[in-house]
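In case you want the letters, here they are:
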Amino acid sequence: IVNFKLTIDKAWQEPSAYAYLQLGMSDIMHVLIAQHLGCEYIASFDSDFHRAADIIGEETGIRVLTSPEEILAVL
């Protein structure tokens with residue numbers, strides 16, 4: 001991922017809320033990289049993403065799609 005940097009300052013900001021919601025490290029990295037790339041959506045059937053969808057949306061502006069119906073609605 002070109003120009004993606006996870007500095008100490010950034011690592012203690014957004015990811016702390018995701019860790020509190022018990023998102024796994026790979027899920028946290030997916031969110032941070034999606035934000036870096038300017039993604040509007042993340043699609044996942046993982047219950048962790050469903051649980052953290054509101055905070056991900058508030059922190060990043062990325063809408064979390066957690067069902068086939070939500071995915072089809074944006075296609």
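Presented here is a report on the structure given in the accompanying data block.

Basis of the calculations
- Residues numbered from 1 in each chain as written.
- Predicted model: local features only at pLDDT ≥ 70, side-chain atom pairs only at ≥ 80, totals over all residues.
- Heavy atoms only, no water.
- Core = buried A, V, L, I, M, F, W, Y, C linked by side-chain atoms within 4.5 Å.
- Buried < 20%, exposed > 50% of the residue type's maximum accessible area, 1.4 Å probe, protein only.
- Helix = DSSP H or I, 4+ residues; strand = E, 2+ residues; numbered from the N terminus.
- Contact = heavy atoms within 4.5 Å.
- Expected span 1.5 Å × (residues − 1).
- Arc of directions from axis to C-beta.
- Salt bridge = Lys/Arg side-chain N within 4 Å of Asp/Glu carboxyl O.
- Bend = angle between axes of the 7 residues up to and from the residue.
- Polar contact = N/O pair within 3.5 Å; in protein donor to acceptor, adjacent residues only side chain to side chain.

### A short note on the nonpolar core
- Core analysis: the largest hydrophobic core is formed by 15 residues, its most contacted members being Tyr18, Leu23, Val31, Ile42, Phe49 and Ile56.
- When residues of this core are traced back to their parent elements, those giving at least two are helix 3 (25-37) and helix 4 (47-60).
- With five residues, the top contributor of residues to this core is helix 4.
- Once residues lying within four places of it in the same chain are set aside, the contact partners of Phe49 are Asp27, Val31, Ile42, Ser44, Ile56, Val64 and Thr66.

### Structural notes on helix 3
- For helix 3, built from 13 residues, the straight-helix expectation of 18 Å at 1.5 Å per residue is met to within 8% by its first-to-last C-alpha distance of 18 Å.
- Among all positions of helix 3, only Asp27, Ile28, Val31, Leu32 and Ala34 are buried. On an axial view of helix 3, the arc spanned by its buried residues comes to 160 degrees, and they lie on one face. Counted as exposed and oriented over 90 degrees from the buried face of helix 3: Met25, His30 and Leu37.
- The inward-facing, buried residues of helix 3 abut helix 1 (8-11), helix 2 (14-20), strand 1 (41-43) and helix 4.
- Among the residues trailing helix 3, Gly38 stands out with phi positive, at a value near 80 degrees.

### Examining the pattern of salt bridges
- Scanning all chains against the criterion turns up one salt bridge.
- Between Arg51 and Asp48 there is a salt bridge whose closest N-O contact spans 2.9 Å. Here Asp48 and Arg51 lie together in helix 4, a separation of three residues that amounts to about one turn.

### With respect to helix 4
- For helix 4, built from 14 residues, the straight-helix expectation of 20 Å at 1.5 Å per residue is met to within 8% by its first-to-last C-alpha distance of 19 Å.
- Within helix 4, the axis deviates most sharply at Ala53, by approximately 60 degrees.
- Listing the buried residues of helix 4 in full gives Asp48, Phe49, Ala52, Ala53, Ile55, Ile56 and Thr60.
- In this structure, the buried side of helix 4 is in contact with helix 2, helix 3, strand 1 and strand 2 (63-65).
- Capping the start of helix 4, Asp46 holds a side-chain oxygen 2.9 Å from the backbone nitrogen of Asp48, two or three residues further along.

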